[in-house]
Amino acid sequence: MSVSSSTAAGSSDRAPADEATFTALVAPLRRELHAHCYRMLGSVHDADDALQDALVRAWRGLPTFAGHGSLRSWLYTVATRVCLDAIAGRARRALPVDLGPASERAVTDSDPLDDVAWLGPYPDTGLAAGPAAPGARYEQREAVELAFVAAVQHLPGNQRAALLLFDVLGYSAAEIGAMLGTSTTSVNSALARARRVLAERVPAATQQRTLRMLDDVRLREVVTGYTAALENGDADALVALLTEDVTWSMPPMPHWYRGLAAVRDFALAVPLGACGSWRHVPTGANGQPAVAGYLRRGGAGPYLPWSVDVLTLRGNRIAGITSFVGAAHVAAFGLPDALPPAR
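Here the structure is a predicted model, which means the values were calculated and not measured.

J.: I'd like a rundown of the overall build of the protein, residues and numbers included.
T.: Within the protein one finds 14 helices and six strands. Expected size for 343 residues packed as a compact globule is a radius of gyration near 20 Å; at 21 Å, the protein falls within 12% of this value. The principal-axis extents of the C-alpha atoms in the protein amount to approximately 65 × 40 × 40 Å. If you take every contact in the protein between residues at least 6 apart in sequence, the share linking residues at least 24 apart comes to 66%. As presented, the protein carries roughly 15100 Å² of accessible surface, and 53% of it is formed by carbon and sulfur atoms.

Structure representation (structure tokens):
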């Protein structure tokens, strides 16, 4: 028995006979199901929990699956319902830009906001570059970009599910209605409302389009230039990489900055000033270039994980820096728990 990677077509409609067979059939789908849970929930850790819950529910509910379409569709049905349960009654995940206006000068005496459900970064290793199905409007990597996932968090659960299942995964409105236990009319209505919100919040040019227009040499120059500027404490070199309207935020810190003057002031006061010394490891997050920042506050000892910095590009410059602060973010990328001092 095989599980198809297409969306509407799919695997046999016969339920797997035992748990080992079920686990083997699910294995090729785990990554895309996990990405779906992340899009729904905005947190890699919540996605871990949701996927685990969904697979347990799917296994226990196999008697109701037999004869009702593909295993892949069944798994997406269960995973989506698990995510909808998690969303219900919970505050949406946010970025600092959602909380208030940008700060004009560096704020150095602020504490993290631990009572905010913050959006988190997503390790994009293994995500396919193209669409999940011929009818999908978004590529798989486009649909984990920060701007996209942040915008999706502004949608109610039913609209979020309709948009992701239709525009990202390529299911039809009728299929989604069956998956969610609602009518095709309701799905189409939710989809229309969701698209209006996204049109207001997501840039017309995706990061995937920007990256395709940027040659690999220049991309490496931007990433290495960013890390070198931080590691060398060189504000001028950093500013030279940025757009005029660049933004920088550091969730769970509530303050964020817009424009070269404010970002330079922040950089001088915090990452280039009070923090300590840096080392970085290039990675990929949310379909975008990223680096994991390791910090050493004293004069000796190892560098410890501090943040995952996701870079948003416009042309060949950095238009946004989102520094997700917390060692747990670095650990989710499978990166070292410490780096030795540079030689």
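Don't stop here, the text continues.
J.: Give me the pattern of salt bridges: which residues, what numbers.
T.: For the coordinates displayed, the defined rule picks out 14 salt bridges. Residue aspartate 98 pairs with arginine 92 through a salt bridge whose shortest N-O separation is 3.8 Å. On the accessibility criterion, aspartate 98 (26% relative accessible area) is partly exposed. Here aspartate 265 makes a salt bridge to arginine 105, at a shortest N to O gap of 3.1 Å. With aspartate 265 in helix 13 (residues 260–274) and arginine 105 in the loop between helix 5 (71–87) and helix 6 (146–152), this pair connects stretches of sequence that are 160 residues apart.

J.: Mind laying out the sheet that holds strand 6 (residues 317–325), listing which residues take part and the relevant values?
T.: Strands belonging to one sheet form pairs held by backbone hydrogen bonds; the direction of such a pair is parallel or antiparallel. Taking strand neighbours across the sheet as the criterion, the six strands line up as 2-1-6-5-4-3 in an open arrangement whose pairing is mixed. With partners counted over all chains shown, the strands left at the sheet margins are strand 2 (256–258) and strand 3 (277–285), one partner each. Adjacent strand axes in the sheet meet at a mean angle of 20 degrees when their direction is disregarded.

J.: Break down the pairing of strand 5 (residues 304–314) for me, citing the residues and quoting the values.
T.: Bridge count for strand 4 (residues 288–296) against strand 5 is six bridges, and the pairing is antiparallel. Along strand 5, the bridge assignment pairs valine 291 with aspartate 309. Examined bridge by bridge, strand 5 and strand 6 share eight bridges and lie antiparallel to one another. Looking across to strand 6, one finds that arginine 314 is bridged to arginine 317. The antiparallel hairpin formed by strand 5 and strand 6 contains two residues in its connecting segment, where glycine 315 sits at a positive phi of about 65 degrees.

J.: Tell me about the nonpolar core, and name the residues and values.
T.: Core analysis: the biggest nonpolar cluster contains 72 residues, and Trp74, Leu75, Phe148, Leu163, Leu198 and Tyr294 have the highest contact counts within it. When residues in this core are grouped by element, the largest group, nine residues, is from helix 5.

J.: Could you give an account of the pairing of strand 3, naming the residues involved and the relevant values?
T.: Sheet topology note: the strand 3/strand 4 ladder contains nine bridges and is antiparallel. Looking at the pairing, valine 281 lines up with alanine 292 of strand 4. Here strand 3 folds back onto strand 4, and the loop between the two strands holds two residues, one of which, asparagine 286, carries a positive phi near 55 degrees.

J.: Help me get a handle on the packing of helix 5 against helix 8 (residues 173–180), residues and values and all.
T.: The axes of two packed helices give the description: the angle between them and the distance between them. Close contact between helix 5 and helix 8 brings their axes to 9 Å; oriented N to C, the two are set at 60 degrees. The angle between helix 5 and helix 8 falls in the class oblique. Crossing of helix 5 against helix 8: the hand is right-handed. Residues Ser73, Tyr76, Thr77, Thr80, Arg81 and Leu84 of helix 5 lie in contact with helix 8, whose contacting residues are Ala178, Met179 and Leu180.

J.: Summarise unusual backbone geometry; cite the residues concerned and give the values.
T.: Cis geometry is found at the peptide bond from proline 251 to proline 252, where omega equals 20 degrees. Relative to the elements of secondary structure, proline 252 occurs in the loop between strand 1 (242–249) and strand 2.

J.: Would you mind going over the packing of helix 5 against helix 7 (residues 157–168) in detail, with residue names and values included?
T.: It is at 10 Å that the axes of helix 5 and helix 7 come closest, and there the two elements cross at 150 degrees. Comparing their axes, helix 7 and helix 5 come out roughly antiparallel. Crossing handedness for the pair helix 5 and helix 7: right-handed. Contacts from Thr80, Leu84 and Ile87 of helix 5 reach helix 7 at Gly157, Asn158, Arg160, Ala161 and Leu165. Residues that form the contact of helix 5 with helix 7 fall into these classes: four nonpolar, three polar and one charged.

The rules behind the values
Residues numbered from 1 in each chain as written. Predicted model: local features only at pLDDT ≥ 70, side-chain atom pairs only at ≥ 80, totals over all residues. Heavy atoms only, no water. Helix = DSSP H or I, 4+ residues; strand = E, 2+ residues; numbered from the N terminus. Rg over C-alpha atoms; globule rule 2.2 N^0.38 Å. Contact = heavy atoms within 4.5 Å. Areas by Shrake-Rupley, 256 points an atom, 1.4 Å probe, with all protein chains shown as cover. Salt bridge = Lys/Arg side-chain N within 4 Å of Asp/Glu carboxyl O. Buried < 20%, exposed > 50% of the residue type's maximum accessible area, 1.4 Å probe, protein only. Pairing = 2+ DSSP bridges. Axes fitted to C-alpha atoms, helices over the stretch in contact; angles between N-to-C directions. Core = buried A, V, L, I, M, F, W, Y, C linked by side-chain atoms within 4.5 Å. Parallel < 35°, antiparallel > 145°, perpendicular 65-115°, else oblique. Left-handed = near helix turned anticlockwise from the far one by under 90°. Nonpolar A, V, L, I, M, F, W, Y, C, P; charged D, E, K, R; others polar.

Note that all results are geometric; they support no functional claim without further evidence.
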